[in-house]
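Structural overview
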Amino acid sequence: LLSQWSTEGEREPLLAPRPPEEQGAQPVNSSRVYGRRWVVLTLFSVLGFLQGMVWNTWGPIQNSAKHAFGFSTTDIAVLVLWGPVGYIPWLLFMWLMDKKGLRVSLLLTAFLMVLGSVLRSVPLTDLQLRRWLIHGGQLLNGLAGPTLMSAGPLLSTTWFAPDQRATATAVASLVGYLGAACSFLIGPLAVPAPNDTQIVNTITHWDPGHIRDRIQLVLYTELGVIAVFFVAVLLYFPSRPPRPPSVAAASQRLSYRSSICRLLSNMRFLMIALAYSVPTGVVAGWSGVLDMILTPVRVSQVDAGWIGFWSILGGCVFGVAMARFADSIRGMLKLILVLMLAGASLAATWFTLTCLTRLTHLPSTKATLYTSCILVGIFINSSVPIFFELFIETVYPVPEGITCGVVTFLSNLFTGLLLFFLTFYFTELSWLNWCLTGSCLFSLLLILFFRESYDRLYLDVFVSV
C-alpha cells in the first residue's frame, strides 16, 4: 500500500519533458480521461455523505436525545458546533493534501470518521461518561470535514476533463449536504419522539431506555457503513491518474507558502470568499438546529425533519443541474450566482416573516414553511459548486485544495460563531432567521460588485489548442 501513496513529486508538472527515448512513444502534451474517475468520485462522495450524516445526527432528534441522554439545549448546540471546531487545524490538513496528495489525506479522514463513530457507539450505562464519548466522537468526525469539504475541486481537476469539472465538483461538494439531509429523514423516522402514541386511545411517553436503544441502532449502522468504505479507500484510491485529463491539471502550481500569501493578499479573492462563507456558514448552523427554530411555530420533530430533508435535497439536485449548465455554457458563473443569491434573499425574508406571524399576520402554514425553507436550501446549497469553480478561476495557479480549504474554513468559522452565540441566546431564536436573511443580502451585494476572470479556462481552451 505504501507504494500507492503520493510523494513530493506529485506537485511537479505531469507534462514535464521526458527522456528522448520515451518522447517518441506519445505526444508530450497528450491528455486522457479514465473510466476509473467515476469510482474515485464515488468513494470520495460517499465519505462526504457519511461525514455530513454523522455531523447532523443530533439536531433532528434533539427532543429524543434530551429525553434519553439528559442532553440540554446547550449540549445539542455544542454537538453541532464540533463540526466547525474540527476546522481549527485546517492548515495542517491543507498542507497534507498539498504535500502528500488525495490518497493519504482521504485515508486519514476516513480513519478519523471510523474512530469517532466507535466512540459514539460505546454502550456505556454511565450517561455522564457516555455524553463525553459522544462529544469526542462528534469532534473526530468534525476533523474529517476540512478534507472532504475542500478537496472536491482538486479531485475534479485531477481526474476530469474541462467540460466535466463543474459537474464533478458539484457532486463531490454537495453529497456531504445530502448526508445531512438524510439525517433529517433517518433520525426522526428511526427514533421515536418522547410524546408519540404507542397504544390506541392512550397517549404514553416512550421509555428513555427504548429511545436510547433506537439511537444506538442508528449509531451502530453508521459505524458499520463508515468502516466498509474506509476499507474500500484503503484498498483502492489513487491520488492521480497516470496521465492528466487537461493542460490545467498538468501545469505547475504555486507552493504551499506562496499560495497562502497570494490568497491573503488578493482583495478580489477575499471579497468573493466572504460572499461564499457568510451565507453558507450561517445556513449550516441554522439548518443544524432547524428543529429548535420550528418548535415555537408548532412544527413537530418529524415535520421539521422533512422540511430540512427536502431543503437540502433540493439544493443538491439543483446544484448538480446548474453545474452541468455551467459546464456547457462557460464564463457565466457570476450571473448564475447573482440569480441564486437573489432568490435566496427573497426566500429567507419570506421564511423569517412567516415565523413572525404574530407581528406580520402572514399565513404560517405547513405549506408556506415547507416552500420558503426548501427554496432557501435550493438557492444557497446549489451555489456552493459554482462558488468553488469561480474561486479556482480567480486565483489560478493556486492549488485547488488550498483555495477551497481557506474558504471552507471561513464558512465553518461563521457557523461556529453562530452556534457559539446560540449557547447563550437560545430562549428566543428569531434572531437566527434574521441572520440568515442578512447574510444572503450581504453576499448578493458582494457578488454584484465582483469582477470575474477565467484564468484556468483560458489555459485549457487556448493553450491546449
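Per chain, residue numbering runs from 1 following the sequence as it is written. Local features in this predicted model are restricted to residues whose pLDDT is 70 or higher, and side-chain atom pairs enter the listing and the counts only when it is 80 or higher, whereas totals over whole chains, interfaces and linings include all residues. Water and hydrogen atoms play no part in the side-chain values, which are based on all heavy atoms of the structure.

1. A look at the overall build of the protein chain
Applied cut-off: Put simply, DSSP marks the helices as runs of H or I at least four residues long and the strands as runs of E at least two long, and each gets a number from the N terminus on. A 1.4 Å probe rolled over the protein chains alone gives each residue an accessible area, and that area as a share of the maximum for its type sets the label: buried under 20%, exposed over 50%, partly exposed in between. Every residue pair with non-hydrogen atoms within 4.5 Å of one another is taken to be in contact. Surface accessibility in these figures is a Shrake-Rupley result with a 1.4 Å probe; residues are shielded only by whichever protein chains are displayed.
When helices and strands are tallied, the protein chain shows 21 helices and two strands. When the 465 residues of the protein chain are sorted by exposure, 59% land in the buried category. The contacts in the protein chain between residues at least 6 apart in sequence include a share of 84% that link residues at least 24 apart. Summing over all exposed atoms, the protein chain offers an accessible surface of approximately 18,900 Å²; the carbon and sulfur share of this is 69%.

2. Comments concerning the pattern of salt bridges
Stated formally: Criterion for a salt bridge: a side-chain nitrogen of Lys or Arg within 4 Å of a carboxyl oxygen of Asp or Glu.
A full pass over the atoms with the stated rule returns two salt bridges. Of the charged contacts, one joins Glu-222 and Arg-120 as a salt bridge, the two residues approaching to 2.4 Å between their closest N and O atoms. Of this pair, Glu-222 sits in helix α10 (residues 208-235) while Arg-120 is found in helix α5 (residues 90-121), placing the two residues 102 residues apart along the sequence. Judged by its relative accessible area of 8%, Glu-222 is buried.

3. Here we look at the confidence of the model for the protein chain
Counted only if it meets this: Values of pLDDT, ranging from 0 to 100, describe the predictor's confidence in every residue of the model.
Mean pLDDT over the protein chain: 81, with 86% of residues reaching 70 or higher. In the model of the protein chain, strand β1 (residues 197-199) stands out as the element of lowest mean pLDDT, 40, in contrast to helix α2 (residues 37-55), which has the highest, 93. Below a pLDDT of 50 lies the segment residues 1-28, which in the model reaches 44 contacts outside its immediate sequence neighbourhood of four places, other chains included. When the criterion is pLDDT under 50, residues 196-204 qualifies, and its contacts beyond four places in sequence or with other chains add up to seven contacts.

4. Some points on the environment of Gln-164
Note on placement: Gln-164 falls in the loop between α8 (152-159) and α9 (165-190). Gln-164 gets classed as partly exposed once you look at its relative accessible area, which sits at 22%. On a C-alpha basis, the gap between Gln-164 and Arg-324 in space is 7.6 Å, while along the polypeptide they are 160 residues apart. Discounting chain neighbours no more than four positions away, the residues touching Gln-164 are Arg-37, Trp-38, Arg-324 and Asp-327.

5. Here we look at the packing of aromatic side chains
The criterion, for reference: Centre distance within 6.5 Å is the pairing criterion for rings of Phe, Tyr and Trp, where only the six-membered ring of Trp is used; planes under 30 degrees apart are then read as stacked, over 60 as edge-to-face, and the remainder as tilted.
Enumeration over the complete set of coordinates arrives at 17 aromatic pairs. Between Tyr-276 and Phe-391, the ring centres sit 5.6 Å apart and the planes meet at 90°, which makes this aromatic pair edge-to-face. Of this pair, Tyr-276 sits in helix α13 (residues 267-288) while Phe-391 sits in helix α18 (residues 366-395); the two residues are 115 residues apart in sequence, bridging distant segments of the chain. The pair Tyr-276 / Phe-391 is uniform in exposure class, with both members buried. Taken together, the aromatic side chains of Phe-269, Tyr-276, Phe-387, Phe-388 and Phe-391 make up a single cluster linked through ring pairs.

6. Here's the deal with the packing of α5 against helix α6 (residues 127-143)
The test is simple: Note on geometry: axes are C-alpha line fits, over the in-contact stretch for helices, and angles between N-to-C directions span 0 to 180 degrees. Working definition: roughly parallel below 35 degrees, roughly antiparallel above 145 degrees, roughly perpendicular at 65 to 115 degrees, and oblique for all remaining angles. Handedness of a helix crossing follows the sense of rotation of the near helix relative to the far helix, less than a right angle counterclockwise being left-handed and clockwise being right-handed. The residue classification treats Ala, Val, Leu, Ile, Met, Phe, Trp, Tyr, Cys and Pro as nonpolar and Asp, Glu, Lys and Arg as charged. All others, Gly included, are polar.
With their axes 7 Å apart at the nearest point, α5 and α6 run at an angle of 160° to one another. Comparing their axes, α6 and α5 come out roughly antiparallel. α6 is crossed by α5, and the crossing has left-handed handedness. On α6, the residues that touch Phe-93, Leu-112, Met-113, Leu-115, Gly-116, Leu-119, Arg-120 and Ser-121 of α5 are Arg-130, Leu-133, Ile-134, Gly-136, Gly-137, Gln-138, Leu-140, Asn-141 and Leu-143. Looking at the contact of α5 with α6 residue by residue, the class counts come to nine nonpolar, six polar and two charged.

7. Observations concerning the nonpolar core
Applicable threshold: To qualify as a nonpolar core, a set must consist of buried Ala, Val, Leu, Ile, Met, Phe, Trp, Tyr and Cys residues joined through side-chain atoms within 4.5 Å.
Counting residues in each nonpolar core, the largest one holds 136 residues, and the members touching the most others are Trp-58, Leu-155, Ile-215, Phe-237, Trp-286 and Phe-387. The element that contributes the greatest number of residues to this core is α18, accounting for 16 residues. Sequence-distant contacts of Trp-58, that is, excluding residues within four places in its chain, are made with Ala-65, Phe-69, Phe-71, Ile-76, Leu-79, Arg-120, Ile-134, Gln-138, Ile-215 and Leu-219.

8. Here we look at the side chain of Thr-169
Within the fold, Thr-169 resides in helix α9. Non-local contacts of Thr-169, meaning those with residues more than four positions away in its chain, are made with Gly-152, Pro-153, Ser-156, Pro-385, Phe-388 and Glu-389.

9. Examining the packing of α13 against helix α19 (residues 400-422)
Contact geometry of α13 with α19 gives a least axis separation of 7 Å together with a crossing angle of 45°. Considering the angle they form, α13 stands oblique to α19. Considering the relative orientation of α13 and α19, their crossing is right-handed. Between α13 and α19, the contacting residues are Phe-269, Ala-273, Leu-274, Tyr-276, Ser-277, Val-278, Thr-280, Gly-281, Val-282, Ala-284, Gly-285 and Trp-286 on the first element and Thr-403, Val-406, Val-407, Thr-408, Leu-410, Ser-411, Phe-414, Thr-415, Leu-418 and Leu-419 on the second. Tallied by class, the residues present in the contact of α13 with α19 amount to 14 nonpolar, eight polar and no charged.

10. A short note on the environment of Phe-237
Topologically, Phe-237 is positioned in the loop between α10 and α11 (247-250). Remark: the alpha-carbon pair of Phe-237 and Val-40, spanning 197 residues in sequence, is separated by 6.3 Å. Setting aside anything within four residues of it in sequence, one finds Phe-237 in contact with Val-40, Leu-43, Phe-44, Leu-102, Arg-103, Leu-106 and Leu-155.

11. What about unusual backbone geometry?
Going from Tyr-396 to Pro-397, the amide bond is cis rather than trans, its omega being 20°. The residue Pro-397 is located in the loop between α18 and α19 in this model.

12. Here's the deal with a nonpolar patch on the surface
Defined as follows: Exposure above 30% relative accessible area and no salt bridge define the residues that can form patches, which grow by joining like charges within 9 Å and nonpolar side chains of Val, Leu, Ile, Met, Phe, Trp and Tyr within 5 Å.
Taken together, the side chains of Phe-325, Ile-329, Met-332, Leu-335 and Leu-339 make up a nonpolar region of the molecular surface, amounting to roughly 430 Å² of accessible area. Along the chain, the position of Met-332 falls in the loop between α15 (301-328) and α16 (333-355). Classification of Met-332 by relative accessible area gives partly exposed; the value is 31%.

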